[in-house]
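# A structural walkthrough
Residues per chain are reported as follows:
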Amino acid sequence: MYKSVGLLLLAVTLAAATHYFKEEVYQQQFSQFIQQYNKKYSQETLFYRYNVFKTNVDKIHRHNKGNFNFTLGMNIFGDLSFEEFHATHTGYNHIDNSHLRSKNGPAHSHSHVAAPPASIDWRTKGAVTPVKDQQQCGSCWAFSATGSMEGAYFLSKKKLNSLSEQQLVDCSQAQGNEGCNGGLMDQAFEYVIANGGLASEDSYPYTAMDGDCMNPLPASVSTISSYTDVPANNDAALQAAVALGPVSVAIEADQESFQFYKSGVFSDPSCGTALDHGVLAVGYGTQGSAGYWIVKNSWGASWGDSGYILMARKTGSGECGINMAASYPVV
């Protein structure tokens, strides 16, 4: 197959364009990309995917030549345009529920943390499950919610259960979630409270598509009693919350640099507050003079820094709106 791919690419005369590398270099990289990620294309789509790949190689190279605190790198999404990628790998349905959130603020614990530690990483304390992959389903909200519930249950019961995102995708429509078409972490918490718990990943496995709610449901392995909304646009409040455990957060992920983030502290002045992606803050720290959040994503371990991104800490709404809609469950 790879020989025929190479012959087809060599036979194509490309339209005039400015690229960083010679054609044979792109072709070699594309062949390696196909093998590494076991990609399969029809003859009708091969040339389109190759051109998308070339464009992405150029984006990565151009960024890494610039003056940024973070680097980009090729990954499994290299044959997707950013529009294709963003349409299938987010799913946070932002609504203005600021009034309800203000009524569900920190009535306990984290509002009384007088001096949070200078840094913390809940991964090193056993409170975080391995990185998961939502695939081409807008279920980020479910992964963010299970992540904070997994952490809260571990910190309360000293047992780390990997929880079922698929149960949330299939069963929480009554709370306002729309499966692969998006949802909210708070609405996921509402479902778990109403249902009396959530099943394990093994007993209700992820399919990356909408399905019928399993009947009867598997036994729940984790429960929560309530959840708390962190005061919006307050970096110190989010720090105090993360000092107690992993926290569900929403961000704006419609920046092209998100697709190929690799390392460093992410800070992009074009990143705003149009929240569209649910992720999990699992710690914070500093790199040089730059403060950052440690954020667990749900795009698989081949994305980013083994599935994670360091996002710059800022006052107000925060980098990409990370301070705007944080919440965490209470066991």
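See the structure shown above.
A brief report on the enclosed structure follows.

So, how was this worked out
- Residues numbered from 1 in each chain as written.
- Predicted model: local features only at pLDDT ≥ 70, side-chain atom pairs only at ≥ 80, totals over all residues.
- Heavy atoms only, no water.
- Buried < 20%, exposed > 50% of the residue type's maximum accessible area, 1.4 Å probe, protein only.
- Helix = DSSP H or I, 4+ residues; strand = E, 2+ residues; numbered from the N terminus.
- Core = buried A, V, L, I, M, F, W, Y, C linked by side-chain atoms within 4.5 Å.
- Contact = heavy atoms within 4.5 Å.
- Polar contact = N/O pair within 3.5 Å; in protein donor to acceptor, adjacent residues only side chain to side chain.
- Expected span 1.5 Å × (residues − 1).
- Phe/Tyr/Trp six-rings, centres within 6.5 Å; stacked < 30°, edge-to-face > 60°.
- Salt bridge = Lys/Arg side-chain N within 4 Å of Asp/Glu carboxyl O.

Listed as buried for helix α8 (residues 185-195) are Met185, Asp186, Gln187, Ala188, Phe189, Tyr191 and Val192. Directly after α8, the chain includes glycine 196, whose backbone phi takes a positive value near 85°.

Judged by nonpolar contacts, the single largest core of 50 residues is most densely connected at Val242, Val247, Val249, Ile251, Phe258, Ile309 and Met311. For valine 249, the contacting residues outside a window of four places in its chain are Ser144, Met185, Leu238, His277, Gly278, Val279, Leu280, Ala281, Ile322, Ala325 and Ala326. Core analysis: the second largest hydrophobic core is formed by 24 residues, Cys171, Ile224, Leu275 and Ala325 among them.

All right, on to the side chain of asparagine 297 then. Note on placement: asparagine 297 falls in the loop between β7 (290-296) and β8 (308-312). A polar contact of 2.8 Å, which involves the side chain of asparagine 297, links it to the side chain of histidine 277. Those residues in contact with asparagine 297 that lie beyond four places of it in its chain are Val131, Lys132, His277, Val279, Trp303 and Gly307.

Assignment of secondary structure puts serine 144 in helix α6 (residues 140-157). Those residues in contact with serine 144 that sit more than four places away from it in its chain are Met185, Ser248, Val249, Gly278, Val279 and Leu280.

Next up on the list: helix α3 (residues 43-65). Spacing of three or four residues puts side chains on the same side of an α-helix, whose turn is 3.6 residues. Here α3 spans 34 Å end to end across 23 residues, near enough to the 33 Å set by a 1.5 Å rise per residue. The set of residues buried in α3 consists of Leu46, Arg49, Tyr50, Val52, Phe53, Lys54, Asn56, Val57, Asp58, Ile60 and His63.

The next subject is the packing of aromatic side chains. With the rule as written, the count across this model stands at 20 aromatic pairs. Aromatic side chains phenylalanine 30 and phenylalanine 33 sit 6.3 Å apart centroid to centroid with 15° between the ring planes, which places their arrangement in the stacked category. Linking phenylalanine 30 with phenylalanine 33, this pair stays in helix α2 (residues 23-36), spanning 3 residues, or about one helical turn. Among the residues examined, phenylalanine 30 registers a relative accessible area of 0% and is labelled buried.

On to the pattern of salt bridges. In the structure shown here, the tally under the stated rule is 10 salt bridges. As a salt-bridge pair, glutamate 84 and arginine 49 come within 2.8 Å of each other at their nearest N and O atoms. Of this pair, glutamate 84 sits in helix α4 (residues 82-88) while arginine 49 is found in helix α3, placing the two residues 35 residues apart along the sequence. Classification of arginine 49 by relative accessible area gives buried; the value is 16%. Counted as one network, the salt bridges with shared partners bring together Lys132, Glu150, Glu165 and Glu201.

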